[in-house]
Amino acid sequence: MPNLSRAQKGKPSTYLLRPAAVFDGQTLHPGWAVLIEGDRIKAVGPAAQLTAPAGAQTLELPGQTLLPGLIEGHSHLLLHPYNETSWNDQVLLESQALRVARATVHARRTLEAGFTTARDLGSEGAGYADVGLKQAIDQGLIPGPRLLIATLALVATGSYGPKLSTDVHVPQGAQEADGPEGVIRAVREQIGKGADVIKVYADYRWGLGGTAAPTFSQEELNLIVTTAAAAGRPVVAHASTPEGMRRATLAGVQTIEHGDNGTPEVFKLMKQRGVVLCPTVAAGDAILQYRGWRKGQDPEPERIRQKKTSLQAARKAGVAIAIGGDVGVFSHGDNARELELLVREYGFSPQEVLRGVTSGNAQLFGLTDRGSIKSGLLADLVAVQGDPTQDVTALRQVRLVMKGGAVYLRN
């Protein structure tokens, strides 16, 4: 389906959408319809109470559920699956031009999968290419989701990669910064270049034997958060160790990404401080399969068992959960994989993940103009065949994608 936004740009269109049911971000409403005017939702309610004004186009969506545009909580549009090309080789051997060309395809696939917004948490060695990618989408040059970008991300010197021979200095996958002056300068640089969020690696695999260990000190993390906050930017933290998670939480980050080895004590602190967990269960699941795990045949790896234990502890502590899969580790457009795993293997209900990936993510990320189907909000919508509140795999059957009142996909 071609990108139709250019034809509609500057000429507000009016649509009456008539699905079998509307999931408004919280609740399923059979027999409801939605009226779109320009780039906004004009009205929503029982179909009998909504009439299409003169000149409106009625879209009949039989057997389909209309949802708010889905919000991807953790992606890397400038990466592609590691079983195609390793992370090291993507950073070191692929040109920025090649990576951007791939990313334009990734952006389209993400949108056509029904994800109309995405947090893109680090360019992974591609510099500020995500800034231009976002601009191209916003200017209607290429189809893609609305992006919240983190640009380079921040790492402590020596902690990240790629790592080759000690004799060879190679470009890193994020910006190295150290000490009060260094981290303040780096945060300001990234904001000045266009970062919507600041991503920091609060720990990484640089401990003895390649184990994960904290990177930045408490003082450095505190300064990163306060510097970003002064410019209205939240900070997200990659963290999987209890100490890395504790330091990031005390610093006041918005979300902790991954959290694999979180403890009940850390999750209690996160709950107290209002810090959100984005568990990214699909990434580890994919990586282990790339390394030879035959899922469904071999015993469950310890990494998966630990992930289930930690996520269960987070939920028990009442920590808010953001939905994001770390897409790029696996294929863009396969974003629903995270939701399916959460339902099938981590004890979430379909309704929980649907709320999480729509109104939940919108609230947690401060996106007040989207995530629900309400009058006045952005007309970012997706229609799927069937009822995803009963079977989350229905999200694979995308029939309509609308962003800002423009139809990008119609099957």
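Higher on the page you've got the structure.
Worth saying up front: this structure is predicted, and the values here are computed from it rather than measured.

Chemist: So what's going on with the overall build of the protein? Residues and values would help.
Modeler: Broken down by element type, the protein carries 12 helices and 19 strands. Expressed as a percentage of the 411 residues in the protein, the buried residues total 57%. Considering only contacts in the protein between residues 6 or more positions apart, those separated by 24 or more positions represent 68%. In the structure as shown, the protein presents an accessible area of about 16300 Å², 51% of it carried by carbon and sulfur atoms. The average position of the 43 basic charges and that of the 40 acidic charges among the side chains of the protein differ by 4 Å.

Chemist: So, the packing of helix α5 (residues 179–193) against helix α6 (residues 218–230): which residues are in play, and what are the values?
Modeler: Closest axis-to-axis distance for the α5/α6 pair is 9 Å, and the angle between their directions is 30 degrees. Classified by the angle their axes make, α5 and α6 are roughly parallel. Like other packed secondary-structure pairs, α5 and α6 cross with a definite hand, here right-handed. Every residue of α6 that contacts α5 at Gly 179, Pro 180, Val 183, Ile 184, Val 187, Arg 188 and Ile 191 is listed here: Glu 219, Glu 220, Leu 223, Ile 224, Thr 227 and Ala 228.

Chemist: Outline the nonpolar core, listing residues and values.
Modeler: Counting residues in each nonpolar core, the largest one holds 71 residues, and the members touching the most others are Leu 154, Ile 198, Ile 256, Met 270, Leu 277 and Leu 395. By residue number, the principal contributor to this core is helix α9 (residues 281–290), which donates six residues. Those residues within four positions of Leu 395 in sequence are excluded, and the remaining contacts are Leu 67, Leu 70, Ala 113, Ala 336, Leu 339, Leu 354, Val 384 and Pro 388. Ile 36, Leu 377, Ala 383 and Val 407 belong to the second largest nonpolar core, which has 17 residues in total.

Chemist: Can you lay out the pairing of strand β8 (residues 146–149) for me, pointing to particular residues and giving the numbers?
Modeler: The pairing of strand β7 (residues 115–120) with β8 spans four bridges and is classified as parallel. Paired with Arg 119 across the two strands is Leu 148, which belongs to β8.

Chemist: For unusual backbone geometry, give the residues involved together with the corresponding values.
Modeler: Across the junction of Gly 161 and Pro 162, the peptide omega takes the value 5 degrees, indicating a cis bond. Among the structural elements, Pro 162 can be located in the loop between β9 (154–155) and β10 (175–176). Positive phi outside glycine occurs at Glu 124, with the angle close to 50 degrees.

Chemist: I'd love a proper account of the sheet that holds strand β6 (residues 70–75), names of residues and values included.
Modeler: Sheet architecture is open: three strands sit in the order β6-β7-β8, paired in parallel fashion. At either margin of the open sheet sits one strand with a lone partner, and together these are β6 and β8. Shown here is a sheet whose adjacent strand axes are inclined to one another by a mean of 15 degrees, direction ignored. As paired strands, β6 and β7 are joined by four bridges and run parallel to one another. Considered in β7, the bridge of Leu 70 is made with Phe 115.

Chemist: Outline the packing of helix α7 (residues 242–251) against helix α8 (residues 264–273), listing residues and values.
Modeler: Remark: α7 packs on α8, axes separated minimally by 10 Å, with the N-to-C direction vectors making an angle of 15 degrees. With respect to α8, the element α7 is oriented roughly parallel. Once α7 is placed against α8, the crossing between them reads as left-handed. Residues Pro 242, Met 245, Arg 246, Thr 249 and Leu 250 of α7 pack against Val 266, Phe 267, Leu 269, Met 270 and Arg 273 of α8. Of the residues in the contact of α7 with α8, the class split is seven nonpolar, one polar and two charged.

Chemist: Quick one: what's the story with the pattern of salt bridges, residue by residue and with numbers?
Modeler: Think of it this way: side chains of opposite charge can pair up when their charged atoms draw near. Tallied over the full model, the rule gives 23 salt bridges. Across the pair Glu 112 and Arg 108 runs a salt bridge whose closest N-O atoms are separated by 3.4 Å. Note that Glu 112 and Arg 108 are positioned in helix α3 (residues 96–112) at a spacing of four residues, about one turn of the helix. For Glu 112, a relative accessible area of 23% puts it in the partly exposed group. Among the ionic pairs, Lys 134 bridges to Asp 196, the shortest N-O distance being 2.8 Å. Within this pair, whereas Lys 134 is found in helix α4 (residues 129–138), its partner Asp 196 is found in the loop between α5 and β11 (198–201), the two being separated by 62 residues in sequence. In terms of burial, Lys 134 and Asp 196 fall into one category: buried. Here the salt bridges share partners, and the residues they tie into one network are Asp 285, Lys 295, Asp 334, Arg 337, Glu 340, Arg 344, Glu 345 and Arg 396.

Chemist: Please give an account of the packing of aromatic side chains that cites residues and values.
Modeler: Across all of its chains, the model carries four aromatic pairs by this definition. When the ring of Tyr 201 is compared with that of Tyr 204, the centres are 5.7 Å apart and the planes differ by 85 degrees; the resulting orientation is edge-to-face. Per residue, the accessibility class of Tyr 201 equals that of Tyr 204, and both read buried. Through successive ring pairs, a cluster of aromatic residues spans Trp 87, Tyr 160, Tyr 201 and Tyr 204. The ring of Phe 348 is capped by Arg 315, whose NZ or CZ atom sits 3.7 Å from the centre of that ring.

The rules behind these values
Residues numbered from 1 in each chain as written. Predicted model: local features only at pLDDT ≥ 70, side-chain atom pairs only at ≥ 80, totals over all residues. Heavy atoms only, no water. Helix = DSSP H or I, 4+ residues; strand = E, 2+ residues; numbered from the N terminus. Buried < 20%, exposed > 50% of the residue type's maximum accessible area, 1.4 Å probe, protein only. Contact = heavy atoms within 4.5 Å. Areas by Shrake-Rupley, 256 points an atom, 1.4 Å probe, with all protein chains shown as cover. Lys, Arg positive; Asp, Glu negative; His and termini not counted. Charge placed at Lys NZ, Arg CZ, Asp CG, Glu CD. Axes fitted to C-alpha atoms, helices over the stretch in contact; angles between N-to-C directions. Parallel < 35°, antiparallel > 145°, perpendicular 65-115°, else oblique. Left-handed = near helix turned anticlockwise from the far one by under 90°. Core = buried A, V, L, I, M, F, W, Y, C linked by side-chain atoms within 4.5 Å. Pairing = 2+ DSSP bridges. Nonpolar A, V, L, I, M, F, W, Y, C, P; charged D, E, K, R; others polar. Salt bridge = Lys/Arg side-chain N within 4 Å of Asp/Glu carboxyl O. Phe/Tyr/Trp six-rings, centres within 6.5 Å; stacked < 30°, edge-to-face > 60°. Lys NZ or Arg CZ within 6 Å of the ring centre and 35° of its normal.

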